[in-house]
Amino acid sequence: MAGLDLSPGLLRAVQERLLADPALRALVGDRVREVAGAREEWPFLRVDPPEVGPYEAQGWRGCTCRLTVHAFLRGARGLSPVQGLLAAVAAALDEADLALPRGELLWLSHERSLVLPEPLGPGSWHGVARFGAVAAETT
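Participant: What should I look at first to understand the nonpolar core in this one?
Facilitator: Where a protein is soluble and globular, its nonpolar side chains tend to be buried together. Grouped together as the largest cluster of nonpolar side chains are 36 residues, with contacts concentrated most on L18, L45, V89 and L108. Those elements that place two or more of their residues in this core are α1 (7–20), α2 (22–28), β2 (44–47), β4 (60–73), α3 (80–93), β5 (104–117) and β6 (125–138). Here the element with the most residues in this core is α3; it accounts for seven residues. Once residues within four sequence positions are removed from consideration, L18 is found in contact with L24, V32, L45, V47, V69, V89, A92 and L93.

Right, here's the structure in full:
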């Protein structure tokens, strides 16, 4: 039996959680995007489409997902502000209990984060937070 792609609902639930989180709203406002334009106001978050694989277990069918959230920040002389933004992203999503339009989120886990200098100049940072998830429905 093939897996069932529930990633569109998971992506929507992740974006809604990031937008609703008070700590993140204080840092990025409503700037949580799937696609960011060249003139995007910084700081902002960009959520990539999930990488999806099949998931099957006794009585369950769904998908494994790898989610990537990018954090962009300018004007910081050191790593601390972008690390704080990544920590807020991890706190909002790690082990979150998100409602999906179809199926259930069995788990969502922060795997790792990485900070890179953004080539736009000194004080510009690009943070990357990776998450693993499983979404499934009973068969």
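Continuing now.
Participant: Sorry if this is basic, but what is going on with the packing of aromatic side chains here?
Facilitator: Tallying each qualifying case throughout the model produces three aromatic pairs. Between W42 and F72 the ring centres are 5.8 Å apart and the planes differ by 65°, which places this aromatic pair in the edge-to-face class. With W42 in the loop between β1 (32–33) and β2 and F72 in strand β4, this residue pair connects regions lying 30 residues apart in the sequence. For the pair W42 and F72, one class covers both residues: buried. Pairing F44 with F72 gives two aromatic rings, centres 4.7 Å apart and planes at 20°, and the pair type is stacked. Of the two residues, F44 sits in strand β2 while F72 sits in strand β4, which places them 28 residues apart along the sequence. The burial state of F44 is the same as that of F72; both residues are buried. Feature note: the residues W42, F44 and F72 constitute an aromatic cluster, connected by ring pairs. Seen from the ring of W42, R74 lies directly overhead, with NZ or CZ sitting 3.9 Å from the centre.

Participant: Looking at this structure, how should I read the pattern of salt bridges?
Facilitator: Opposite charge on two side chains allows them to pair when their charged atoms are near. Tallying each qualifying case throughout the model produces seven salt bridges. Residue R66 is joined to E111 by a salt bridge in which the shortest nitrogen-to-oxygen separation is 3.1 Å. One end of the pair, R66, is in strand β4; the other, E111, is in strand β5, with 45 residues separating them in the sequence. We classify R66 as partly exposed; its relative accessible area is 29%. You can call E111 partly exposed: its relative accessible area is 34%. Residue E137 is joined to R102 by a salt bridge in which the shortest nitrogen-to-oxygen separation is 3.0 Å. Of this pair, E137 sits in strand β6 while R102 sits in the loop between α3 and β5, and the two are 35 residues apart along the sequence. The partly exposed category is assigned to R102, whose relative accessible area is 45%. A network of salt bridges, in which partner residues are shared, links R66, E111 and R112.

Participant: Hey, could you run me through the pairing of strand β3 (residues 51–57) in this one?
Facilitator: Along any regular strand, the residues point their side chains to alternate faces of the sheet. As paired strands, β3 and β4 are joined by seven bridges and run antiparallel to one another. Residue pairing in the sheet places E56 in a bridge with R61 of β4. What sits between β3 and β4 in their antiparallel hairpin is a turn of two residues, with G59 showing a positive phi close to 85°.

Participant: Looking at this structure, I do not really get the environment of P49. What am I missing?
Facilitator: Topologically, P49 is positioned in the loop between β2 and β3. For the pair P49 and T68, spaced 19 residues apart in sequence, the C-alpha to C-alpha distance is 7.8 Å.

Participant: Looking at this model, I keep getting lost on the packing of α1 against α3. Mind explaining?
Facilitator: When two helices pack together, you describe them by how their axes are tilted relative to each other and by the distance separating the axes. Interhelical geometry of α1 versus α3 gives an angle of 120° and a closest axis separation of 10 Å. Considering their axes alone, α1 and α3 lie oblique with respect to each other. Considering how the two elements wind past one another, α1 and α3 form a crossing that is right-handed. Contacts between α1 and α3 involve V14, R17 and L18 from the former and V89, A92 and L93 from the latter.

The rules behind these values
- Residues numbered from 1 in each chain as written.
- Predicted model: local features only at pLDDT ≥ 70, side-chain atom pairs only at ≥ 80, totals over all residues.
- Heavy atoms only, no water.
- Core = buried A, V, L, I, M, F, W, Y, C linked by side-chain atoms within 4.5 Å.
- Buried < 20%, exposed > 50% of the residue type's maximum accessible area, 1.4 Å probe, protein only.
- Helix = DSSP H or I, 4+ residues; strand = E, 2+ residues; numbered from the N terminus.
- Contact = heavy atoms within 4.5 Å.
- Phe/Tyr/Trp six-rings, centres within 6.5 Å; stacked < 30°, edge-to-face > 60°.
- Lys NZ or Arg CZ within 6 Å of the ring centre and 35° of its normal.
- Salt bridge = Lys/Arg side-chain N within 4 Å of Asp/Glu carboxyl O.
- Pairing = 2+ DSSP bridges.
- Axes fitted to C-alpha atoms, helices over the stretch in contact; angles between N-to-C directions.
- Parallel < 35°, antiparallel > 145°, perpendicular 65-115°, else oblique.
- Left-handed = near helix turned anticlockwise from the far one by under 90°.

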